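Per-entry structural report
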Amino acid sequence: MSLDLPFDNSYGRLPERFYTRLGPTPVSKPGLVAINAPLAERLGLDTANLTSPDGIAVLAGNSVPGGADPLAQVYAGHQFGNFVPQLGDGRALLLGEVVAPDGVRFDIQLKGSGPTPYSRMGDGRAWLGPVMREYLVSEAMAALGIPTTRALAAVTTGETVVREGAMPGAVLTRIATSHIRVGTFQFFAARDDRDALEALVAHALERHYPGRTTALELLEGVIERQARLIASWMGVGFVHGVMNTDNMTISGETIDYGPCAFLDSYHPMRVFSSIDHAGRYAYGRQPDVAMWDLAQLAISLLPLIGNTEQAQTALDRFPELFRSAWSGVFRAKLGLATAEDGDDELARDLLDRMADGQADFTNTFRALGTPAARDEFLDPTAYDDWEAAWNARLLSEGVTSVDRAARIAAANPAVIPRTHRIEQAIQAGVAGDFGPFTRLHKALSTPYEIARENLDLTRAPLADEIVPRTFCGT
Ligand code: AMP
Ligand code: MG
């Protein structure tokens, strides 16, 4: 019996130069690591089906379900500022699209499914570590309310993948409202392929910006969504780590959980990625980099927009859109209900003091108004001074301490996927114990509430637990 999924593959109806059609490469021994039952339900898929032997065969790439149209998408991209005219799904395949019961269309992608024409020197595979990391972090982002690709399932392949050593192979089933990237537009723009650009704009508008009809409106929409997205990253201390133009979506969803990390102690120039030597993608640089990436989208769309000034005007709105989204995020984090002049300065003053005081980003915000917050600072009086100004501001809107505590708890997560916890879960998983993974995943699914028995997951890493570098995991 083959698995029946309600596919409707709109990307495969685009011209053939948008992709290469091919199937996944089978693996020796599929084993289920995780299935995301709530997401399956949201997509209108049957979890029991997905976890049956037939379902697991699909998730591992050993069988292609009826109605699927597997293909590798082609794109280009600026990697660390250097333009690469052809990238593409080198270790992933779009299996097809399903339309959820509420009418929303989703891509189902297998990541780690074998080589494609875009694999370059790579093996087309993924190992268990990055698959577990993407599963944990993308699902944590979703629970935090941040637009993101999702993880439907993770399976092991029974094969080894050679990285730093021989690692267990794995496949992630990634869900996204689409995998169209800034780099997808760059691919066709670099080839002066106006027909393809027009088809891609129409496709992207229909999927993500219904009601809009022009390339300029698409650009404006992406700029708006990315401004909000980056502000929401800043609000949870997320460092994407590899904000290349092929890793920026048109949908406004976070994509590519490679060398990403959440801040432990706060510093605006914090970088984790082992390959980001210049700190191009440091925490505090993310808004500027997003603007740079969006400029590449604007350039790609210029042949269709036709008017450089209009494209420039759209782009010039980004800093203000970002600033206003950032203000909203940080005002909420400070427990403020209203907007007043000086709020941004109040938030920035706290952040400056946190950087000086090596305060933990997540735990400081969560503890605002309690003695635990001042204990986060090397010099607690730095917090006391700030707290006096904050209290005065809270008084101005008549917020009671009970209200304030509830607001703080609703806007500041208790638990985020800390790198050292992810690494511990991966190490256990590689040794065959998925208990820590399951526990971490569960705690991250309700990030604003923390059960007493999970308090250890909120703790900053001890000196010997710190993971200073993260890797793309390719
Ligand atoms: P990323 O760093 O994940 O954004 O990937 C950049 C490019 O390298 C994309 O075109 C990927 O498809 C490709 N790539 C990454 N890892 C592999 C791999 N193991 N095999 C083949 N291609 C890969
Ligand atoms: Mg990528």
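Residues numbered from 1 in each chain as written. Chains lettered and ligands numbered in written order. Predicted model: local features only at pLDDT ≥ 70, side-chain atom pairs only at ≥ 80, totals over all residues. Heavy atoms only, no water.

Right, let's get into the overall build of the protein. Regarding its fold elements, the protein presents 17 helices and 12 strands. Against the compact-globule benchmark of 23 Å for 474 residues, the protein has a radius of gyration of 22 Å, which places it among compact chains. With the principal axes as the frame, the protein shows a C-alpha extent of 65 × 55 × 45 Å. Counting the 474 residues in the protein, one finds 57% classified as buried. Residue pairs in contact within the protein that sit at least 24 positions apart in sequence constitute 70% of those at least 6 positions apart. (Helix = DSSP H or I, 4+ residues; strand = E, 2+ residues; numbered from the N terminus. Rg over C-alpha atoms; globule rule 2.2 N^0.38 Å. Buried < 20%, exposed > 50% of the residue type's maximum accessible area, 1.4 Å probe, protein only. Contact = heavy atoms within 4.5 Å.)

Bringing the pattern of salt bridges into the picture now. In this structure the tally under the stated criterion is 31 salt bridges. In this structure, the salt-bridge partner of Arg17 is Asp193, at a minimum N-O distance of 2.5 Å. Of this pair, Arg17 sits in the segment before strand 1 (19-21) while Asp193 is found in the loop between helix 5 (182-189) and helix 6 (194-208), placing the two residues 176 residues apart along the sequence. For Arg17, a relative accessible area of 41% puts it in the partly exposed group. Between Glu340 and Arg393 there is a salt bridge whose closest N-O contact spans 3.7 Å. With Glu340 in the loop between helix 10 (318-333) and helix 11 (343-357) and Arg393 in helix 14 (residues 380-396), this residue pair connects regions lying 53 residues apart in the sequence. Overall, the relative accessible area of 9% leaves Arg393 in the buried class. Residues joined by salt bridges that share partners form a network here, namely Asp8, Arg13, Glu97, Arg105, Asp107 and Arg207. (Salt bridge = Lys/Arg side-chain N within 4 Å of Asp/Glu carboxyl O.)

Okay, the pairing of strand 6 (residues 92-99) next. Judged by how many residues are buried, strand 6 sits mostly within the fold: 7 of 8 residues are covered. As paired elements, strand 6 and strand 7 (residues 105-111) share 7 bridges and run antiparallel to each other. Bridge pairing in strand 7 places Val98 opposite Phe106. Linking strand 6 back to strand 7 in an antiparallel pair, the connection comprises 5 residues, with Gly103 at a positive phi of about 90°. (Pairing = 2+ DSSP bridges.)

Counting 119 residues, the largest nonpolar core has Phe185, Leu218, Ile250 and Leu334 as the members making the most contacts within it. With 13 residues, the single largest contributor to this core is helix 7 (residues 215-236). Looking at this core, you find at least three residues from each of domain 1 (11-178) and domain 2 (183-328). One finds Leu3, Leu5, Leu39 and Ala68 within the second-largest nonpolar core, a separate group that totals 25 residues. (Core = buried A, V, L, I, M, F, W, Y, C linked by side-chain atoms within 4.5 Å. Domains from an automatic or database assignment.)

Let us now look at the side chain of Arg404. Structurally, Arg404 can be placed in helix 15 (residues 401-411). Of the side chains with opposite charge, Glu387 comes closest to the buried, unpaired Arg404, at an N-O distance of 5.6 Å. Discounting residues that sit within four places of it in the chain, Arg404 has contacts with Gly369, Trp390, Asn391, Leu394 and Val399. (Lys, Arg positive; Asp, Glu negative; His and termini not counted.)

Moving on, we get to the site of ligand 1. In the vicinity of ligand 1 there are 18 residues, among which Gly88, Gly90, Arg91, Gly124 and Asp256 approach most closely. A distance of 2.7 Å separates an oxygen atom of ligand 1 from a polar atom in the backbone of Gly88. Here ligand 1 loses 88% of its free accessible area of 480 Å² to cover by the protein chains. Looking at the shell around ligand 1 residue by residue, the classes come out as 2 nonpolar, 8 polar and 8 charged. Counting contributing residues per domain, the shell around ligand 1 is built from domain 1 (11-178) and domain 2 (183-328), each supplying no fewer than three. (Near = heavy atom within 4 Å. Polar contact = N/O pair within 3.5 Å; in protein donor to acceptor, adjacent residues only side chain to side chain. Areas by Shrake-Rupley, 256 points an atom, 1.4 Å probe, with all protein chains shown as cover. Nonpolar A, V, L, I, M, F, W, Y, C, P; charged D, E, K, R; others polar.)

Applying the stated rule across the entire model yields 20 aromatic pairs. Between Tyr11 and Phe18, the ring centres sit 6.1 Å apart and the planes meet at 75°, which makes this aromatic pair edge-to-face. As far as burial versus exposure is concerned, Tyr11 and Phe18 are alike and both buried. With a centroid separation of 5.3 Å and 70° between ring planes, the pair formed by Trp233 and Phe238 is classed as edge-to-face. Assigned by exposure class, Trp233 and Phe238 land together as buried. A cation over a ring is seen here: Arg191 above Phe187, with NZ or CZ 3.7 Å from the ring centre. (Phe/Tyr/Trp six-rings, centres within 6.5 Å; stacked < 30°, edge-to-face > 60°. Lys NZ or Arg CZ within 6 Å of the ring centre and 35° of its normal.)

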